[in-house]
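Fold and contact review
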Amino acid sequence: MGREPGHTPQRKDAPTAEEVHAYLRDHPDFLVHHGDLVHHLTPPSQDRGRGVVDLQAYMVERLRGEVRLLKDQQRELIGTSRANMNSQNRIHAAVLFLLDAQSFEQLIQTITTDLAVLLDLDVACLIVESNGQDTPHVQTSGVRVVAPGTVDRWLGKADVALNADIQGDPELYGPGAGLVRSEVLIRLQVSSETPDGMLAFGSREPDSFHGGQGTELVGFLARVVERVIRGWLELPA
């Protein structure tokens, strides 16, 4: 049957004040589960007589909690920004030291010694895979010559690994392994004519490196190391 012209559907009447009062009295935890409604309510003044709940105090305390949360988030953000800026400045300084090397020997010394100081580390090692036929003679303890396939064994298919709360492995750090409680390992691909290598940076602090950190800066540093080594040894890309 069609609707008569001009007919307006009947709307259900809104609950009366008495019904709302009765509902809230029967459900005293209503605002606990629907706290967002507090922002839409007009609170009573503090002096309403006996038996009246002071919603104004509740709202003020809620706002104070939100302010505390925002301040905590702000402090965390500022701390993270400062740490990122500090890390960026350290990486930039390290790159300049690498570019300033006057010989290949000085470059290796910079990688294995100066980087540890510049990046506030305890150990910095250059991991070099042998070609499977001979083991190159190494003049510094900061260079670790390892068997073919070692880099893939440590990194798998990744280019960077961040490991927290560990005990350093002598295979990577030699005598300095005892100082290492967290580490970052970065793959090096110097040339198509050389095996993969790896930078191993270790810290005595268990949480200096961890899985939640970004890897863009250390990745950039590794690309610079690849290029300067390739340049000194006159290797193709």
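Under the annotation held in an unreviewed UniProt entry, the protein carries the name DUF484 family protein and is attributed to Azospirillum brasilense.

Some words on a nonpolar patch on the surface
Together, Val20, Tyr23 and Leu24 line one region of the surface with nonpolar side chains, adding up to about 260 Å² of accessible area. Relative to the assigned elements, Val20 resides in helix H1 (residues 17–26). Judged by its relative accessible area of 39%, Val20 falls in the partly exposed class.

Structural notes on the pattern of salt bridges
Inspection of the entire model under this criterion finds seven salt bridges. For the salt bridge of Arg187 with Asp159, the shortest nitrogen-to-oxygen distance reads 3.3 Å. Of the two residues, Arg187 sits in strand S4 (residues 182–188) while Asp159 sits in the loop between helix H5 (150–155) and strand S3 (160–163), which places them 28 residues apart along the sequence. Taking the relative accessible area as the measure of exposure, Asp159 reaches 44% and is therefore partly exposed. Of the charged contacts, one joins Arg223 and Glu226 as a salt bridge, the two residues approaching to 2.9 Å between their closest N and O atoms. Residue Arg223 and its partner Glu226 are both found in helix H7 (residues 216–233); the two are separated by three residues, about one turn of the helix. Linked by salt bridges that have partners in common, Asp152, Asp159, Arg187 and Asp196 make up one network.

Considerations on the sheet that holds strand S2 (residues 143–146)
Taken in spatial order, the five strands make up an open sheet running S2-S1-S5-S4-S3, and their pairing is mixed. One side of each edge strand has no neighbouring strand; the edge strands of this open sheet are S2 and S3. Looking at each pair of strands side by side, their axes are set apart by 20° on average, direction ignored. Both strand S1 (residues 123–129) and S2 contribute to a ladder of four bridges, which runs parallel. Residue pairing in the sheet places Ile127 in a bridge with Arg144 of S2. Across the sheet, H7 touches S3, S4 and strand S5 (197–203), and the angle it forms with S4 is around 45°.

Here's the deal with the confidence of the model for the protein
When pLDDT is averaged along the protein, the result is 82, and 80% of the positions lie at 70 or above. By mean pLDDT, the top-scoring element of the protein is S4 (96), and the lowest-scoring one is helix H2 (residues 30–33) (74).

Looking at the packing of helix H4 (residues 104–118) against H7
Here H4 crosses H7 at 160°, and the two axes come no closer than 10 Å. Between H4 and H7, the angle is such that the two are roughly antiparallel. Every pair of crossing elements has a handedness; the one defined by H4 and H7 is left-handed. Here Phe104, Leu107, Ile111 and Leu115 of H4 come into contact with H7, specifically with Leu221, Val225, Val228, Ile229, Trp232 and Leu233.

Overview of H4
Remark: the principal bend of H4, roughly 40°, maps to Thr110. Count one or two residues on from H4 and you reach Asp120, which has phi positive near 60°.

Notes on the nonpolar core
Nonpolar side chains tend toward joint burial in soluble globular proteins. Counting residues in each nonpolar core, the largest one holds 31 residues, and the members touching the most others are Ile111, Leu115, Leu119, Leu199, Phe201 and Leu221. At the level of secondary structure, the elements contributing two or more residues to this core comprise helix H3 (55–100), H4, S1, S4, S5 and H7. Counting residues per element, this core draws most heavily on H7, which supplies seven residues. In terms of domain composition, this core takes at least three residues from each of domain 1 (17–44 + 53–100) and domain 2 (102–233). In this structure Leu221 touches Ile91, Ala94, Val95, Leu98, Leu115, Leu119 and Phe201, once residues within four positions along its chain are discounted. One finds Val146, Val151, Ala177 and Met198 within the second-largest nonpolar core, a separate group that totals 14 residues.

Quick word on the pairing of S5
Among the seven residues in S5, seven count as buried, and that is most of the element. The side-chain alternation of S5 yields two buried faces, one formed by Gly197, Leu199, Phe201 and Ser203 and the other by Met198, Ala200 and Gly202. Direction of pairing for S1 relative to S5: antiparallel, over a ladder of six bridges. Across the sheet, the residue bridging to Val128 is Gly197, located in S5. Sheet analysis places S4 next to S5, joined by seven bridges and oriented antiparallel. Within the sheet, the bridge partner assigned to Val184 lies in S5 and is Phe201.

What counts as what
Residues numbered from 1 in each chain as written. Predicted model: local features only at pLDDT ≥ 70, side-chain atom pairs only at ≥ 80, totals over all residues. Heavy atoms only, no water. Patch = residues over 30% accessible without salt bridge, like charges linked within 9 Å, V, L, I, M, F, W, Y side chains within 5 Å. Areas by Shrake-Rupley, 256 points an atom, 1.4 Å probe, with all protein chains shown as cover. Salt bridge = Lys/Arg side-chain N within 4 Å of Asp/Glu carboxyl O. Helix = DSSP H or I, 4+ residues; strand = E, 2+ residues; numbered from the N terminus. Buried < 20%, exposed > 50% of the residue type's maximum accessible area, 1.4 Å probe, protein only. Pairing = 2+ DSSP bridges. Axes fitted to C-alpha atoms, helices over the stretch in contact; angles between N-to-C directions. Contact = heavy atoms within 4.5 Å. pLDDT = per-residue confidence, 0-100. Parallel < 35°, antiparallel > 145°, perpendicular 65-115°, else oblique. Left-handed = near helix turned anticlockwise from the far one by under 90°. Bend = angle between axes of the 7 residues up to and from the residue. Core = buried A, V, L, I, M, F, W, Y, C linked by side-chain atoms within 4.5 Å. Domains from an automatic or database assignment.

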